[in-house]
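Notes for the structure review
In case you want the letters, here they are:
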Amino acid sequence: MLAAHLQRLASEAGAGSDRPTVMVLAFEGWNDAGGAASAAVRSVAQALDAELVEKLTDEEYYDFQFSRPKVVRTAGHREIIWPSTTILRASPASGAFDVLFVHGVEPSFRWQAYTADLLTKAAEYAVDAVVLLGALLADVPHTRPIPASYSSEDEQLRELLDIDEPTYEGPVGIVGVMAHTAHQAGIPAISLWAAVPHYVGQAPSPKAQLALMRKLEELLGLTLEAQQTEEIAEDAAAWERGVDELAEEDSEIGEYVKRLEEATDTTNLPEASGEAIAEEFERYLRRRKPPES
């Protein structure tokens, strides 16, 4: 459905491409609670064998006392890795899109120039839509499915995907700036956010990462192989067990988690359980390989 819509838009724009290109972006920093969004983009890019096509390294975007470079040792040599934004490309056989994966650190300076740079790259690569991933701290329990939802300022996308218009007002990070600026530039933009339990908001947050990966898989019509998500699912289960132990040892956290569970179950469980089961079953069927003849 999304693919057909973007193919039509590309045709109307004279692009003449049978396969739309979607740019998927995530940024470390304020919009990346638990490191979930940036980890999700890196993992999906790796699973699809995405190849590096470009790297933005303009040092005028960063305060290196805040976003510090790192020293690493590779093959016996020491190297300084500077904050940068990488662009990788994949053409997944299982999907209807070519995908550009953009991963970087939220800039310290010159946000408008940085945004303009990325949108210029989007134009150079004939991007038909952008998907921005973020993660925020929220009053949600770690024992329940991590909420992950879409929003868009594009009216056609909202009707097509049955998603909401963003209503947030207040301080905004680079994800919000990119989404709004892309929309103003005429590029359809979708924001995908996961809610990370605020009482365990430090990185890593593999359960939130997995929730974002599955939503992205669903949106783009991708089929990631089971082994490509198996390790992250195991990490998510181990993470949940670790937080369970924390809640058992700290009575205040334990009581707080119970209140969050009750509120979540009352609000979401009756309407969500059937849909969740159906979605998981459909995902299982997509991943099954046909028997050898």
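Preceding this paragraph is the structure being described.
Here goes a summary of the coordinates provided. (Residues numbered from 1 in each chain as written. Predicted model: local features only at pLDDT ≥ 70, side-chain atom pairs only at ≥ 80, totals over all residues. Heavy atoms only, no water.)

1. Points about the sheet that holds strand β5 (residues 85-90)
- One open sheet accounts for seven strands, arranged β2-β5-β6-β1-β7-β9-β8; its pairing is mixed. One side of each edge strand has no neighbouring strand; the edge strands of this open sheet are β2 (51-56) and β8 (148-151). Neighbour to neighbour, the strand axes of the sheet diverge by 20° on average, direction disregarded.
- By the bridge criterion, eight bridges tie strand β1 (residues 21-28) to strand β6 (residues 98-105) in an arrangement that is parallel. Bridge pairing in β6 places T21 opposite D98.
- With respect to the sheet, helix α2 (residues 36-47) is in contact with β1, β6 and β7 (129-138), its orientation differing from that of β1 by roughly 140°.
- On the sheet, helix α3 (residues 111-124) packs against β1, β2, β5 and β6 and is oriented at approximately 155° with respect to β1. (Pairing = 2+ DSSP bridges. Helix = DSSP H or I, 4+ residues; strand = E, 2+ residues; numbered from the N terminus. Axes fitted to C-alpha atoms, helices over the stretch in contact; angles between N-to-C directions. Contact = heavy atoms within 4.5 Å.)

2. Focus: the pattern of salt bridges
- Scanning all chains against the criterion turns up ten salt bridges.
- A salt bridge links D58 to R110, with the shortest nitrogen-to-oxygen separation between them at 3.7 Å. Residue D58 is found in the loop between β2 and β3 (70-74), and its partner R110 is found in the loop between β6 and α3; the two are separated by 52 residues along the sequence.
- Note that K121 and E124 form a salt bridge whose closest N and O atoms lie 3.6 Å from each other. One end of the pair is K121 and the other is E124, both in helix α3 and three residues apart, which spans about a single turn.
- For K121, a relative accessible area of 15% puts it in the buried group.
- Sharing partners across several salt bridges, the network here consists of R19, R89 and D98. (Salt bridge = Lys/Arg side-chain N within 4 Å of Asp/Glu carboxyl O. Buried < 20%, exposed > 50% of the residue type's maximum accessible area, 1.4 Å probe, protein only.)

3. A closer look at the packing of aromatic side chains
- With the rule as written, the count across this model stands at four aromatic pairs.
- With centroids separated by 6.1 Å and ring planes inclined at 65°, the aromatic side chains of F27 and Y114 adopt a geometry described as edge-to-face. With a gap of 87 residues between them, F27 in strand β1 and Y114 in helix α3 connect regions that are remote in the sequence.
- The exposure class assigned to Y114 is buried, which follows from its relative accessible area of 1%. (Phe/Tyr/Trp six-rings, centres within 6.5 Å; stacked < 30°, edge-to-face > 60°.)

4. Focus on a negative patch on the surface
- Together, E155, E159, D162, D164 and E165 make up a negatively charged patch on the protein surface.
- Counting through the fold element by element, E165 comes out in the loop between α4 (155-161) and α5 (174-184). (Patch = residues over 30% accessible without salt bridge, like charges linked within 9 Å, V, L, I, M, F, W, Y side chains within 5 Å. Areas by Shrake-Rupley, 256 points an atom, 1.4 Å probe, with all protein chains shown as cover. Lys, Arg positive; Asp, Glu negative; His and termini not counted. Charge placed at Lys NZ, Arg CZ, Asp CG, Glu CD.)

5. Structural notes on unusual backbone geometry
- Along the chain, A203 connects to P204 via a cis peptide bond; the corresponding omega equals -5°.
- Secondary-structure assignment places P204 in the loop between β9 (189-197) and α6 (206-220).
- Although it is not a glycine, D49 adopts a positive phi angle of roughly 55°.
- Position of D49 relative to the elements: it lies in the loop between α2 and β2.
- Look at D162: it is not a glycine, yet its phi comes out positive at around 55°.
- With respect to the element layout, D162 can be found in the loop between α4 and α5.
- Residue D162 is classed as exposed on the basis of its relative accessible area, which comes to 70%.

6. Observations concerning the packing of α2 against α6
- It is at 8 Å that the axes of α2 and α6 come closest, and there the two elements cross at 50°. On the basis of their axis angle, the class for α2 and α6 is oblique. The interaxial crossing formed by α2 with α6 has right-handed handedness. When α2 is examined against α6, the residues A36, A37, A39, A40, S43 and V44 are found in contact with a partner set consisting of A208, Q209, L212, M213 and L216. (Parallel < 35°, antiparallel > 145°, perpendicular 65-115°, else oblique. Left-handed = near helix turned anticlockwise from the far one by under 90°.)

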